[in-house]
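# Descriptive structure summary
So you can see what is in the structure, the chains are spelled out below.
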Amino acid sequence: MFKKRDFTLLLLATFFVFGNVLTNPYGWAEEKITLHFWELAGGRNVYENYVIEKYQKLHPNIEVKLTTYTSEVFKSAISSALRTENPPDIFQLWREGVLYPIFLKAGYFYPLTKAYKEFGWDKELGPFIVERMTGPDGEIYGVPLTRYTTHFIYGKNVFEKYGLKEPETWSEFRQLCETLKGAGIVPIAEGDRELYKATQWLNVAIEREIGARNLDILLTESCLPGATNIVRWTDPKVVKGIEKIEYLVKRGYFNEGVNGMSEGDAMMLVMHERAAMIFTASYAFHTFFTKAPDFRIGIFNYPQINKEIRLTNAGWWGGCLRVANKSKYKKQALDFLRFIFDEEQL
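A few points on the structure.

Thresholds applied
In this numbering scheme, every chain counts its residues from 1 along its sequence in written order. Confidence filtering applies because this is a predicted model: local features only for residues at pLDDT of at least 70, side-chain atom pairs given and counted only at 80 or more, and all residues used for totals across whole chains, interfaces and linings. Hydrogens and water molecules were not included; the side-chain quantities draw on all heavy atoms of the structure. Per the convention used, a helix needs a DSSP run of H or I reaching at least four residues, while a strand needs a run of E reaching at least two, with both numbered from the N terminus. Accessibility here uses a 1.4 Å probe with only protein chains present; expressed as a share of the type maximum, an area under 20% marks a residue as buried, one over 50% as exposed, and anything in between as partly exposed. By the convention used here, residues are in contact when the closest approach between their heavy atoms is within 4.5 Å. Note on areas: Shrake-Rupley, 1.4 Å probe, and residue coverage restricted to the protein chains presented here. Here the rule is simple: two strands pair whenever DSSP picks up at least two bridges between them. Within 3.5 Å is the distance limit for a polar contact, defined as a pair of N or O atoms, with the added protein rule that one can donate a hydrogen and the other accept it, and that residues adjacent in sequence qualify only through two side-chain atoms. All axes are obtained by fitting lines to C-alpha atoms, using only the stretch in contact for helices, and the reported angles, taken between N-to-C directions, cover 0 to 180 degrees. Helix span, as expected, comes to 1.5 Å for every residue beyond the first. Each C-beta atom gives one direction from the helix axis, and the arc is the one those directions make. What counts as a salt bridge is simple: a side-chain nitrogen of Lys or Arg found within 4 Å of a carboxyl oxygen of Asp or Glu.

## Quick look at the overall build of the protein chain
A count of helices and strands for the protein chain gives 14 helices and nine strands. Taking all 346 residues of the protein chain together, the buried fraction comes to 47%. A fraction of 75% describes how many contacts in the protein chain between residues 6 or more apart in sequence connect residues 24 or more apart. As displayed, the protein chain has an accessible area near 18100 Å², and 56% of this comes from carbon and sulfur atoms.

## Some points on the pairing of strand S1 (residues 33–40)
For S1, the buried fraction is high: six of the eight residues fall into the buried class. Summarising the sheet, S1 and strand S2 (residues 62–69) pair through eight bridges and their orientation is parallel. Its bridge partner lying in S2, histidine 36 is registered against lysine 65. With two bridges connecting them, S1 and strand S3 (residues 90–93) associate as parallel partners. Paired with phenylalanine 37 across the two strands is isoleucine 90, which belongs to S3.

## Observations regarding the environment of lysine 330
Summarising the element assignment, lysine 330 is placed in helix H14 (residues 330–340). The exposure class of lysine 330 is partly exposed, given its relative accessible area of 22%. Along the backbone, lysine 330 and leucine 35 are 295 residues apart, and their C-alpha atoms lie at a distance of 9.5 Å. Only 3.0 Å separates the side chain of lysine 330 from the backbone oxygen of serine 327, close enough to count as a polar contact.

## Here's the deal with the sheet that holds strand S8 (residues 297–300)
The strands making up a sheet are joined through hydrogen bonds of the backbone, oriented either antiparallel or parallel. Strand order in the open sheet made by the four strands is S6-S7-S5-S8, with mixed pairing throughout. Edge strands, defined here as strands with exactly one partner in the open sheet, are strand S6 (186–189) and S8. Adjacent strand axes in the sheet meet at a mean angle of 25 degrees when their direction is disregarded. Running over the sheet, helix H9 (residues 197–210) touches strand S5 (150–155), S6 and strand S7 (275–281) and is turned about 80 degrees from S7.

## Regarding the side chain of lysine 197
Assignment of secondary structure puts lysine 197 in helix H9. Among the residues examined, lysine 197 registers a relative accessible area of 1% and is labelled buried. Beyond its immediate stretch of four places on either side in the chain, lysine 197 contacts Glu190, Gly191, Asp192, Glu263, Ile278, Phe279, Thr280 and Tyr283.

## Quick word on helix H8 (residues 170–182)
Relative to the 18 Å expected for 13 residues at 1.5 Å per residue, H8 spans 18 Å between its end C-alpha atoms, a close match to the ideal helical length. Within H8, burial applies to Trp170, Phe173, Leu176, Cys177 and Leu180. Buried residues of H8, viewed axially, fall in a sector of 115 degrees; they line one side. The secondary structure elements touched by the buried residues of H8 are S5, helix H7 (156–161), S6, helix H11 (236–250), S7 and S8. One or two residues past the end of H8 sits glycine 184, with phi positive at roughly 85 degrees.

## Details of the pattern of salt bridges
Inspection of the entire model under this criterion finds 11 salt bridges. Arginine 296 serves as the salt-bridge partner of glutamate 160, at 2.7 Å between the closest nitrogen and oxygen. Remark: arginine 296 occurs in the loop between helix H13 (284–291) and S8 and glutamate 160 occurs in helix H7; sequence separation between them is 136 residues. Given a relative accessible area of 52%, glutamate 160 falls into the exposed group. On the basis of relative accessibility, which here comes to 36%, the residue arginine 296 falls in the partly exposed class.

## A look at the environment of alanine 189
On the secondary structure map, alanine 189 appears in strand S6. It is 8.5 Å that separates the C-alpha atoms of alanine 189 and tyrosine 253, two residues lying 64 residues apart in sequence. Apart from residues lying up to four places away in sequence, alanine 189 is in contact with Asn255, Ala266, Leu269, Val270, Ala275, Met277, Ile278 and Phe279.

Structure, rendered in structure tokens:
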């Protein structure tokens, strides 16, 4: 005869099985493990810490240890760690730059193609982003954490004082800078102490000459051994884009001490109207709105150069999260990525 005690035990067993499925849909053994998550230091780490706390409550046997690095230290640390048998399980890496093709060729990335379909990322992110996360072998190797767009941010007071308008062409931009310089105002504030701002300028100047897709090829695919789809740095249009930056430098349109100044310091030059504008990315809006809430800003794009090239807010993938091929906990790492990008966490 089926007794009440037996029914209670059945309920408990059912709760245990289905409860485990809900919190652990992939059925891995709930052993005590640590997922190592490496990322660049920055304001966005606040979100990651928030998500980690929520995830660990659902999975008390999984500790997610977030380690953050400044840009230059990170490059050295991740290059060394991925060569070992115990790399970070999840790590951030730029979409552009020399490290991506080197790591891709070395097989350091775990393919995420199946995860894209399983989690619906392919539909959510769309073909444009999926294409840029896809390697030459057709596999997807990263999930974009941030995507920045680039703009000139300028002080409206300065522009209004001298009767200036937002330029649309390269000729108009040069004249704008010349007018500001003649008025004793630094045309462009810049700080490259962190060694990434020069990349912003290079990306947009070259993109305006050859287009976004060719820029992708130049920065990634062309660096891979045996690559057949190549855009070279010696291409006349690439050189032409670089020469435009050289022109701005030689004309004295930047502040002094660019390489010793941080981008934050350069923004302050604009806020205090010691410089008219700064070429930066969408992350800078937060700085202007919090540091100088009453400062009136305007924005315009880097001017169009080639009318055959579609005008874009050329930017870059500020962070793509990847899973290490040598990770011992790939299923848990993938599940944590799923959790990070779940809109319910936002």
